[in-house]
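# Structure at a glance
Listed here are the chains, written in short residue letters.
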Amino acid sequence: MPGIFVYADTVEACASLISAAYGSARGVCALTFDEKRADELGGYGADKVFLLKGDNPMQESYAKAIAALLAKEGPEVFLVGSSTTGREIAAKVAMYLDCGLVGDISSLAFEGGKTITTRYIYGGAAIQTEVLDGYAVVTVPKGKFEARKYEGKTSDVITLKVESDNRVTLKETIPLEKDSKDLGAANIVVCIGMGFDKKEDMKIAEDLGRVLGATIGCTRGIVEERHWLPAGSYIGISGTTVKPSMYISLGVSGQIQHVVGIRDSKIIVAVNSNANAPIFMAADYGIVGDMYEIIPLLTEAIRDVKV
Ligand SMILES: Cc1cc2nc3c(=O)[nH]c(=O)nc-3n(C[C@H](O)[C@H](O)[C@H](O)COP(=O)(O)OP(=O)(O)OC[C@H]3O[C@@H](n4cnc5c(N)ncnc54)[C@H](O)[C@@H]3O)c2cc1C
């Protein structure tokens, strides 16, 4: 069945890809390794689900088998959720099929038999549009498209036995220390920047976050240089993309690599002592001043409104 094939390593991410492909009016086929997910994906709009069965726990080791399936089925585009595993599968499948790969798109459209993608280039300073005339692999960042449920819709599930490439084997799994909250799905985000002098000072941001019911995020240096917050906490081009109803930055300069990750926020609020900080170009509301004075005042004011 020609159409669009999708693969992602969670049901939510796969549902988001199906939703992106659904508008194309072409058939949507989902690939999964999880028996329980196979039926669920029909409810999210997949016309057909290929349940891939093998003994290797590393899904990336099935890239050759996936490429062989795609070569046989002849889809127009293969959309892949941009996780660590997904990116590896996408790159290998493109290599096996000798086709193009567009990485981490920001928009996707299907027009006149062609697939049109846009993505940020030069660290987010420009947007590049690509027109894919023919088969291609496209990776899609998490949460880019909203998943939709289609009540009563079911899909055919085809079970396939697949062989893995066993040159790399899994020896051990060590859980990554990370915040349990899903920053990408947060409704309100309070973002901590390098303007904070000491780790203990983050308490005032956390207090503000608490009265707002917000999830705490940060800029890259807070994770990678200062190690104040766990991996997965930073927002931006190389971190998480957020799209909350409100994003509040505290002591964040607003360099392009960070701003790329907050552009989809509905309201952007910035507190910075430097009136020329680039974050004010992206902000809907800005407060110029010392955040050590402003944050406790904001917290109190919001607490007063809430009681
Ligand atoms: C390839 C590449 C990828 C990158 N990816 C990312 C990414 O994904 N995410 C990311 O965040 N960064 C990323 N960066 C880094 C990015 O370029 C910036 O360096 C970083 O975002 C700056 O973090 P910051 O705004 O917290 O710190 P700074 O730029 O140091 O800004 C601190 C701000 O705090 C303000 N300030 C200081 N004291 C106070 C006070 N008392 N009250 C109020 N304001 C105060 C200052 O005026 C300043 O504007 C990347 C860089 C590269 C090269």
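Residues numbered from 1 in each chain as written. Predicted model: local features only at pLDDT ≥ 70, side-chain atom pairs only at ≥ 80, totals over all residues. Heavy atoms only, no water.

## Things to note about the overall build of the chain
The secondary structure content of the chain amounts to nine helices and 15 strands. For 307 residues, the compact-globule estimate of 2.2 N^0.38 gives 19 Å, and the C-alpha radius of gyration of the chain, at 22 Å, lies within 12% of that figure. Here the C-alpha coordinates of the chain stretch approximately 65 × 45 × 40 Å along the principal axes. In the form shown here, the chain has an accessible surface area of approximately 15,500 Å², with 51% of it arising from carbon and sulfur atoms. Taken together, the 32 basic and 39 acidic charged side chains of the chain have centroids lying 2 Å from each other. (Helix = DSSP H or I, 4+ residues; strand = E, 2+ residues; numbered from the N terminus. Rg over C-alpha atoms; globule rule 2.2 N^0.38 Å. Areas by Shrake-Rupley, 256 points an atom, 1.4 Å probe, with all protein chains shown as cover. Lys, Arg positive; Asp, Glu negative; His and termini not counted. Charge placed at Lys NZ, Arg CZ, Asp CG, Glu CD.)

## So, the sheet that holds strand S7 (residues 114–121)
Strand order in this open sheet of three strands is S6-S7-S8, and the pairing throughout is antiparallel. Of all the strands in the sheet, the pair left with one neighbour each is strand S6 (107–111) and strand S8 (126–132). Taking each pair of neighbouring strands and ignoring which way they run, the sheet shows an average axis angle of 20°. The pairing of S6 with S7 spans five bridges and is antiparallel. Bridge pairing in S7 places Ala109 opposite Ile116. (Pairing = 2+ DSSP bridges. Axes fitted to C-alpha atoms, helices over the stretch in contact; angles between N-to-C directions.)

## Remarks on the side chain of Ser61
Structurally, the position occupied by Ser61 is in the loop between strand S3 (48–53) and helix H3 (63–73). With a relative accessible area of 7%, Ser61 lands in the buried category. A polar atom in the side chain of Ser61 sits 3.3 Å from the side chain of Asn56. In this view, Ser61 contacts Asn56, Ser164 and Asp165; residues no more than four positions away in its chain are not counted. (Buried < 20%, exposed > 50% of the residue type's maximum accessible area, 1.4 Å probe, protein only. Polar contact = N/O pair within 3.5 Å; in protein donor to acceptor, adjacent residues only side chain to side chain. Contact = heavy atoms within 4.5 Å.)

## Describing the site of the ligand
Of all residues adjacent to the ligand, which total 24 residues, the nearest are Met194, Thr219, Ser238, Ser253 and Asn272. Backbone polar atom of Arg220 to an oxygen atom of the ligand: 3.0 Å apart, as the coordinates give it. Within the side chain of His258, an N or O atom sits 3.1 Å from an oxygen atom of the ligand. Here the ligand has 970 Å² of accessible area as a free molecule, and 70% of this is covered by the chains. (Near = heavy atom within 4 Å.)

## As for the environment of Leu229
Mapped onto the fold, Leu229 is located in the loop between helix H6 (220–224) and strand S13 (246–250). Between the C-alpha atom of Leu229 and that of Cys218, which follows or precedes it by eleven residues, the distance is 8.0 Å. Excluding residues that lie within four positions of it along the chain, Leu229 makes contacts with Ile192, Met202, Ile216, Gly217, Cys218, Ile222 and Val223.

## Let's talk about the domain arrangement of the chain
Assigned domains of the chain: these are domain 1 (4–161) and domain 2 (183–306). Once you take the C-alpha centre of each, domain 1 and domain 2 turn out to be 33 Å apart. Opposite the six residues of domain 1 that make contact, domain 2 presents seven residues. Across the domain 1 to domain 2 interface the summed buried area is about 560 Å²; carbon plus sulfur atoms make up 47%. (Domains from an automatic or database assignment. Buried area = accessible area lost by both parts, 1.4 Å probe.)

## Focus: the environment of Ser238
Note that Ser238 resides in the loop between H6 and S13. For the pair Ser238 and Ala8, spaced 230 residues apart in sequence, the C-alpha to C-alpha distance is 19 Å.

## Description of the nonpolar core
Val6, Ile18, Ala30, Leu41, Leu79 and Val138 are the most contacted members of the largest nonpolar core, which totals 29 residues. Mapped onto this core, the elements with two or more residues apiece are strand S1 (4–7), helix H1 (11–22), strand S2 (28–32), helix H2 (35–43), strand S4 (77–81), S6 and strand S9 (136–140). Top element by residues in this core is H1. It accounts for eight residues. Look past the residues within four positions of Ala30 in its chain and what remains in contact with it is Val6, Cys14, Ile18, Leu41, Ala46, Lys48, Val49 and Phe50. (Core = buried A, V, L, I, M, F, W, Y, C linked by side-chain atoms within 4.5 Å.)

## Here we look at helix H4 (residues 84–97)
Compared with the 20 Å implied by 1.5 Å per residue over 14 residues, the 20 Å span of H4 between its first and last C-alpha is a close match. Along H4, the residues that are buried comprise Thr85, Gly86, Ile89, Ala90, Val93 and Ala94. For H4, the buried positions fall inside an angular range of 155° around the axis, keeping them on one side. Opposite the buried face of H4, at more than 90 degrees from it, the exposed residues are Thr84 and Met95. (Expected span 1.5 Å × (residues − 1). Arc of directions from axis to C-beta.)

## Some thoughts on the packing of aromatic side chains
For the structure shown, the criterion picks out five aromatic pairs. In textbook terms, an aromatic cluster arises when at least three aromatic residues are bridged by ring pairs, as seen for Tyr7, Phe33 and Tyr62. Over the face of the ring belonging to Tyr44 we find Lys149, whose NZ or CZ atom lies 4.5 Å from the ring centre. (Phe/Tyr/Trp six-rings, centres within 6.5 Å; stacked < 30°, edge-to-face > 60°. Lys NZ or Arg CZ within 6 Å of the ring centre and 35° of its normal.)

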